[in-house]
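Next come the chains, spelled out residue by residue.
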Amino acid sequence: MITNQVLLLLMLSVLWPSTALPFTTGNIENLFGKPESDGRVLQRSKRGWMWNQFFLLEEYTGNDHQYVGKLHSNMDKGDGTVKYVLTGDGAGTLFLIDEKSGDIHATKRLDREEKAMYTLHAKVLDRNTNAELEPDTEFNIKIHDINDNAPKFAKEIYFASVPEMSEVGTSVVTITASDADDQTYGNSAKLVYSILEGQPYFSVDSENGTIKTALPGMDREVKENYQVVIQAKDMAGQMGGLSGTTTVSITLSDVNDSPPRFANHSFRMAAVESTEIGGAVGRIKADDPDVGRNAEMEYTIVGGHDTFNIITDQMTQEGVVIIKKTLDYESKRDFEFKVEVRNTYLDARFIHGLQFKDYAAVKVTVEDVDEPPLFSMNPYIIEVHEDTAAGSFVGVVSARDPDADDKPVKYSIDRHTDLERLFNIDSVNGTITTLKALDREMSKWHNISVVATEINNPRQTTRVPVFIRVLDVNDNAPEFAMSYDTFVCENVKAGQLIQTISAVDTDEPLVGQHKFVFSISASNPNFTIVDREDNTANILTRRGGFSRREMSMYFLPVVISDNDYPIQSSTSTLIVRVCGCDSRGNMQSCNPEVLPFSDGLTTGALVAILLCVIILLMIVVLFAALRRQRKKEPLIISKEDVRDNVVSYNDEGGGEEDTQAFDIGTLRNPEVMETNKLRRDIIPEMLFPFRRTSPIKDNADVRDFINGRLQENDSDPTAPPYDSLATYAYEGTGSLAESLSSLESAATEGDQDYDYLSNWGPQFKKLAELYIGRSPDRET
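This model, assessed by the stated rule, comprises 16 salt bridges. With a closest N to O distance of 3.4 Å, Glu383 and Arg469 form a salt bridge. Of this pair, Glu383 sits in strand E26 (residues 380-385) while Arg469 sits in strand E33 (residues 461-471); the two residues are 86 residues apart in sequence, bridging distant segments of the chain. Given the relative accessible area of 47%, Glu383 is considered partly exposed. Through salt bridges that share partners, Arg220, Glu221, Glu224 and Asp254 make up one connected network.

So this is what it looks like as structure tokens:
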């Protein structure tokens, strides 16, 4: 094994010739510890005691410190008085110096890739005084490279692509590796590239790492992806060199080298006849092994078609057959056409000798469906005159079942469109008639909807709008266009214009515009009319000297006629007021003047007389009404009409045996009565204070109680003078007082003597007159 000293000597001999080595004035033992064999002295101009550069190999693997070199000064006599001190890069850590001998050692392995050169400073000091014996001197320790780094690629895997069908030698991608070793020293960093996997499809340039195609006609449709392994080796590829590898994934990109093809050259489809225009019938698909833009296709119908069309679905690259014209099963049931497919993008390198299109036959069968009725027109426009009477013919609509069996159809009017029920339709033949008379001046158009329904299938219906136009008939007379406020001045002269009138007609003219004729009575002594021939007329005065005293207002009938057929005319009244005007004809006042009458009575007097007459009439009417009130109808009209005036107080009971209907304590204790209840059927003439009746003893007999009450009422001046029946709640079956009503009396009318009634006083005078007057002896 060559020692470090020998290696260092060999390197020095290469770098410097023996005659020019920059040694100090000392001999070679300054470096290796022994003198030159020939005794030559190495000379140096400025620093005569040391080297200015040392060389050290990297990757030292020894256990001891690696010897670098030796420093020696001419001042060192070998007596130990000289001290060597080292400073700078790594001094004291990476590099140590022997203070006495000047030997330099490296403490650990050094890597050139981390740092290739260290700069240090050496000092020579007096050991005793630390004084510098020589100035500070700088020197370098350079690390020499060895091949200790293998080539490395930047990525573990690379991706690249190349078009399919590329020629041999087409460049795919260039990849390079890097070597950390010294590029300038030896072959440690000189790389050579080679391919380990991927042959025979690809090759690699050994110097620059460019991958190229090596096989012609590579087809993406056969194989798309390739894995290529590339090796980089240093030492120029010689044995013992280090190497590194990487993988390159190469994909063949697509080119349009494959035409589209139909797998099946015949397609069958079915479409129902109710399919709407633009609706899809079916799809066809051609295959193209290319991808992306190279696989885009376009479908067309060869020669075109009047009923069908085909479009391309860009998402699925399918041909969609659609309807261009309404289908009719009854007219035609089968269709056949030819479809062409082609690529939209062609590559000029591959179109020679290939047809980039294909053909297929398509057959479409139309299927029958139950269709709704079909009207012969849509919409209908019908005209009818406005003078058409109810029940008159308007028009006819017609619909039929388009299906082969032609089912019967019935008609109806949607009443939501005919709220006034003006029209009717025959459900069998579709004849439309009027239910009411039509008036064009109310509505010029009537829009109704007629519904046709299959009788066998009511769900199949069709609606059609029917527009009925009401034609005008001259059935309206012209009239004033507006309301006129016309006046004539008292001092007006004959022939003066007082008003211009015009007319309107709600009817439409037959031709052009209306033509109106205005006229008044020729015998009118006050006014005349002049027709201006433009549907207006002027009213002129026939005389002058109008007076409000004679006539404050004139009513002028004006006859207006039209020229349509039949001629219509009307009379409109123009009211002309007589007014006072100034000298320029401006109206000042139109109120009639208060003028004295010939008999000396003024208007105020007449009004007063009229009011007196009205007051007298009111007095007479009031007196007659009072007389009618005083005349009463007799209570008993005939013998057969026997009735009593029964006043019920809603407290009648069932007699003494009915103990639940009334509390007898109320009769025994009058104090509990809150108020005096007056008669409700009459208005008393005067009000009397309430008179409290004397209480009865608890053991008093009911008969005595009732008799006492009867006497009190007979003598009471507030009691009404009428025959009435007062119910005391104990009358009836089982009552000890028996019945007080004459209706249940056992005696007959012939047995009764009513003369005693005259002795009862004035309260019973009316009753005495009624009954005494009816006695038999008096009647005879």
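Now that the structure is up, let's keep going.
This part is about the side chain of Asp414. Within the secondary structure, Asp414 is located in the loop between strand E29 (409-413) and strand E30 (423-425). Under the relative-accessibility criterion, Asp414 is labelled buried at 15%. Among all residues touching Asp414, those that are not within four sequence positions of it are Ser449, Val451 and Arg463.

It is worth spelling out the environment of His121 at this point. Within the secondary structure, His121 sits in strand E6 (residues 117-126). When the C-alpha atoms of His121 and Glu138 are compared, they prove to be 4.4 Å apart, with 17 residues separating the residues in sequence. When residues no more than four places from it in sequence are discounted, the contact partners of His121 are Val85, Leu86, Thr87, Asp136, Thr137, Glu138 and Phe139. Side-chain polar atoms of His121 contact the side chain of Glu138, separated by 3.3 Å.

This part takes up the state of the cysteines. Scanning all chains against the criterion turns up two disulfides. Between the sulfur atoms of Cys489 and its disulfide mate Cys581 the distance is 2.0 Å. Judged by the torsion about the S-S bond (-80 degrees), the Cys489/Cys581 disulfide is left-handed. Of the two residues, Cys489 is situated in strand E35 (residues 486-489) and Cys581 in strand E41 (residues 569-581); the sequence distance between them amounts to 92 residues. On the basis of relative accessibility, which here comes to 11%, the residue Cys489 falls in the buried class. Disulfide pairing is shown between Cys579 and Cys590; the S-S distance is 1.6 Å. Judged by the sign of its S-S torsion, about 100 degrees, the bond between Cys579 and Cys590 is right-handed.

Here we take up the packing of aromatic side chains. Within the structure shown, the criterion is met by 13 aromatic pairs. Where Phe546 meets Tyr554, the ring centres are 5.5 Å apart and the plane angle is 80 degrees; that geometry is what we call edge-to-face. Both residues of the pair, Phe546 and Tyr554, count as buried. Taken together, the ring pairs connect Tyr201, Phe202 and Tyr226 into an aromatic cluster. Residue placement shows Lys338 over the ring face of Tyr359; its charged tip is 4.6 Å from the ring centre.

Turning our eyes to something else, we now look at unusual backbone geometry. In the segment running from Gln199 into Pro200, the intervening peptide bond is cis, with an omega of 5 degrees. Secondary-structure assignment places Pro200 in the loop between strand E12 (192-197) and strand E13 (202-204). You will see that Asn130, though not glycine, has its phi angle at about 60 degrees, which is positive. For Asn130, the location among the structural elements is in the loop between E6 and strand E7 (132-144). Since its relative accessible area comes to 46%, Asn130 is described here as partly exposed. We note that Met165 has phi near 60 degrees; this positive angle belongs to a residue other than glycine. Note that Met165 resides in the loop between strand E9 (157-163) and strand E10 (171-174). For Met165, a relative accessible area of 31% puts it in the partly exposed group.

Conventions adopted
- Residues numbered from 1 in each chain as written.
- Predicted model: local features only at pLDDT ≥ 70, side-chain atom pairs only at ≥ 80, totals over all residues.
- Heavy atoms only, no water.
- Salt bridge = Lys/Arg side-chain N within 4 Å of Asp/Glu carboxyl O.
- Helix = DSSP H or I, 4+ residues; strand = E, 2+ residues; numbered from the N terminus.
- Buried < 20%, exposed > 50% of the residue type's maximum accessible area, 1.4 Å probe, protein only.
- Contact = heavy atoms within 4.5 Å.
- Polar contact = N/O pair within 3.5 Å; in protein donor to acceptor, adjacent residues only side chain to side chain.
- Disulfide = S-S within 2.5 Å.
- Phe/Tyr/Trp six-rings, centres within 6.5 Å; stacked < 30°, edge-to-face > 60°.
- Lys NZ or Arg CZ within 6 Å of the ring centre and 35° of its normal.

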